Amino acid sequence: MTSKERYLNKMSKEKISKTNARRLLEQKKIPFTIHTYDPEKAISATEVAAYLNQNPDRVFKTLVTYGKSGEHYVFVLPAVGELDLKKAAEAAGEKFIEMLPQKELLPLTGYIHGGCSPIGRKKSFPTFVDSSALKLEKRLVSGGKRGYQIEISPEDLEKACGAQFVDLIK
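Note that the coordinates shown come from a computational prediction; the quantities given were computed from them, not determined experimentally.

A. Inspection of the overall build of the protein at higher detail. A count of helices and strands for the protein gives six helices and eight strands. In the protein, the succession of α and β elements from N to C terminus is α-α-β-α-β-β-α-β-α-β-β-β-α-β. Summarising its shape, the C-alpha atoms of the protein cover approximately 55 × 30 × 30 Å along the three principal directions. Counting across all 170 residues of the protein, residues that qualify as buried make up 48%. Residue pairs in contact within the protein that sit at least 24 positions apart in sequence constitute 61% of those at least 6 positions apart. In the structure as shown, the protein presents an accessible area of about 9,000 Å², 50% of it carried by carbon and sulfur atoms. Each charge sign in the protein was given a centre, from 28 positive and 21 negative side chains, and these centres are 6 Å apart.

Next comes the structure, spelled out in structure tokens:
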């Protein structure tokens with residue numbers, strides 16, 4: 001048995017913990033599927049996609065930023081995509097957008113790096129999802145904890161976090 005098979009077997013025997021993202025989806029009765037992976041074996045969104053045998057275009061990463069105004073924004077894009085800061089600023093109505101320093105992520109969102117979900121954050125911020133998500137029936141986003149991904153439709157993601165779909169990739 002490979003280490004991946006051992007991990008998945010272990011996870012299937014354990015009760016999957018409820019994250020804020022999962023609680024919110026259940027509360028709103030939004031359908032979703034949880035996928036688990038070994039967070040020691042997959043760190044980046046592309047590694048998560050490979051671990052879960054998913055096309056990296058289906059696995060989305062969550063980036064938290066702030067604008068010149070001091071407001072915070074969340075951007076969700078495919079694992080292989082690179083956020084175009086000019087497009088992000090335009091979408092948010094800001095002069096510029098900068099990435100949030102990693103040390104500020106947990107106190108601001110309630111999530112740690114590698115487990116930041118666009119769903120169920122501590123505070124609500126404008127959320128923008130790359131328009132490529134609309135081409136997919138479902139995509140995976142962080143489930144709010146390292147090792148958890150939530151598979152959800154674009155419409156349900158919009159319901160869950162008020163997402164707006166815009167072109168964000170360089």
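Picking up after the structure, the text goes on.
B. Local environment of the pairing of strand β3 (residues 72–78). Most of β3 is tucked away, with seven of its seven residues classed as buried. The pairing of strand β2 (residues 60–67) with β3 spans seven bridges and is classified as antiparallel. When the bridges of β3 are listed, Y66 appears paired with H72.

C. The arrangement of the sheet that holds strand β4 (residues 97–99) in detail. Pairing is mixed in the open sheet, where five strands are placed in the order β4-β2-β3-β5-β8. On the outer flanks of this sheet lie β4 and β8 (164–166), each paired with one strand and no other. Geometrically, the sheet is characterised by an average inter-axis angle of 35° between neighbouring strands, direction not taken into account. Where β3 meets strand β5 (residues 127–130), three bridges bridge the pair, whose relative direction is parallel. Bridge pairing links F75 to F128 in β5. Here helix α4 (residues 85–92) sits on the sheet and contacts β3, β4, β5 and β8; the angle it forms with β4, its principal contact strand, is near 120°.

Rules and cut-offs
- Residues numbered from 1 in each chain as written.
- Predicted model: local features only at pLDDT ≥ 70, side-chain atom pairs only at ≥ 80, totals over all residues.
- Heavy atoms only, no water.
- Helix = DSSP H or I, 4+ residues; strand = E, 2+ residues; numbered from the N terminus.
- Buried < 20%, exposed > 50% of the residue type's maximum accessible area, 1.4 Å probe, protein only.
- Contact = heavy atoms within 4.5 Å.
- Areas by Shrake-Rupley, 256 points an atom, 1.4 Å probe, with all protein chains shown as cover.
- Lys, Arg positive; Asp, Glu negative; His and termini not counted.
- Charge placed at Lys NZ, Arg CZ, Asp CG, Glu CD.
- Pairing = 2+ DSSP bridges.
- Axes fitted to C-alpha atoms, helices over the stretch in contact; angles between N-to-C directions.

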